[in-house]
Amino acid sequence: MRIVALAGGIGGARFLRGLKDVVAPGDEITVIGNTGDDIHLFGLKVCPDLDTVMYTLGGGIHEEQGWGRADETFAVKEELAAYGVGPSWFGLGDRDFATHIVRTQMLGAGYPLSAVTEALCHRWQPGVRLLPMSDDRVETHVRITDGTGTRAVHFQEYWVKLHAAVDAEAIIPVGADTAKPAPGVLEAIAAADVILFPPSNPVVSIGSILAVPGIRAAVAGAAAPVVGLSPIIGGAPVRGMADKVLAAVGVEASASAVALHYGAELLDGWLVDEADADAVGAVEAAGIRCRAVPLLMSDPAATAAMARTALELAERVRA
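First, a word on what this report is: a plain description of the structure on this page. (Residues numbered from 1 in each chain as written. Predicted model: local features only at pLDDT ≥ 70, side-chain atom pairs only at ≥ 80, totals over all residues. Heavy atoms only, no water.)

### Focus: the overall build of the protein chain
Logical step 1: Within the protein chain one finds 13 helices and 14 strands.
Logical step 2: For 319 residues, the compact-globule formula gives about 20 Å, and the C-alpha radius of gyration of the protein chain, at 19 Å, lands near that figure.
Logical step 3: Taking the principal axes of its C-alpha atoms as reference, the protein chain extends roughly 60 × 50 × 40 Å.
Logical step 4: A buried classification covers 52% of the 319 residues belonging to the protein chain.
Logical step 5: Of the contacts made within the protein chain by residues no fewer than 6 positions apart, 70% connect residues no fewer than 24 positions apart.
Logical step 6: Counting only carbon and sulfur atoms, one obtains 53% of the accessible surface of the protein chain, whose full area is about 13200 Å².
Logical step 7: Side-chain charges of the protein chain comprise 24 positive and 38 negative groups, with the mean position of each set lying 2 Å from the other. (Helix = DSSP H or I, 4+ residues; strand = E, 2+ residues; numbered from the N terminus. Rg over C-alpha atoms; globule rule 2.2 N^0.38 Å. Buried < 20%, exposed > 50% of the residue type's maximum accessible area, 1.4 Å probe, protein only. Contact = heavy atoms within 4.5 Å. Areas by Shrake-Rupley, 256 points an atom, 1.4 Å probe, with all protein chains shown as cover. Lys, Arg positive; Asp, Glu negative; His and termini not counted. Charge placed at Lys NZ, Arg CZ, Asp CG, Glu CD.)

### With respect to the pattern of salt bridges
Logical step 1: Within the structure shown, the criterion is met by 11 salt bridges.
Logical step 2: Members of the salt-bridge network, linked through shared partners, are Asp146, Arg151, Glu157 and Lys161. (Salt bridge = Lys/Arg side-chain N within 4 Å of Asp/Glu carboxyl O.)

Below you can see the structure in the form of C-alpha cells.
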C-alpha cells in the first residue's frame, strides 16, 4: 500500500510514528512536509517541520518538548548572546546547528531542498520518504496589530516570540502563489492508495502545503480516499494555539468546523474525538464519512490505534 501524508511538525510527526507501527512490511509512506515555517537565522536555512519529522522518526527528537534534538547543549547560542547577536527568542541547540549548517551549505552549492532533505534523511533513516512541499522559498507570515501598529511578522515570531498572544488578522503564505510542488509530490499523490491529513495545524501546516499551486487540485482529484484526523478536541487545540490562526481565516475552533473548512472536495473521511461525538452528524451531512474515536496521542499504543482507525476508515470509504 502506498500512503501519502501531509504533515506539519509535532502533531504530524508523532502521528507518523504511530502510522509506521501499523503498516504492513512493504507498505510505502511518503510524507509531504510543510516548509511554510522555514526561516533564515544566523545565515542558516532552518526547516522546523521537516526536521521535527526527521528527528522524530529517526530517533533523535527531544521527546518532552517534541522538537529539537535529544541530549542537546546550547554553547553556540550562549556565545551568540555574548556577542549581542539575536534573535534570542529562537533557541537552536548545538546538535541542531549542525543540521542547518549542512543544509545551508548544500543549498549554497546548488542542490534543491528536496535533494538536501533526502541527503539529511540518509543519516536519520526515518523509514518514510520525506518530501518538502516545494523547493521554492515559501514563508508563512501573520498580520497583527499591536502597540507599534499593523504589521506582518514571520510565523515563527508570532508563534515562538509572541506566543500568539496577539490576535492574528490574516495568514499569508508568502511565495506560495508562485511556488511549484517539489519533485515527486504530485506523482506520489497520484499514485497513492490512501492520503492522510494527520492532526496538524489546518491553517499554517496542512493549509500551507495546500496553498502551493497544484497540490490542492491533486489531492481533490486523487483516486485514493482522503482521511483526516481532527486537531481540535472539545473545542480546543490538542497542542499549540491553532484556535488563533483558525480565527484569522474565519473558522471556529471545533472538530466539525475544521472538517468543513477542508470540505468534501478534499476529505472523504474525518475522525473526531469521542468528546466531539455530537459533531459526527454535521460532518456526514456535508458528505464526509465521520467517526468518533479516541484521538489523544497519549502513548505509542494510542497513537498507533489512531493510525489504524484512519486506515480502516479509508478502506470503508473506498468500499
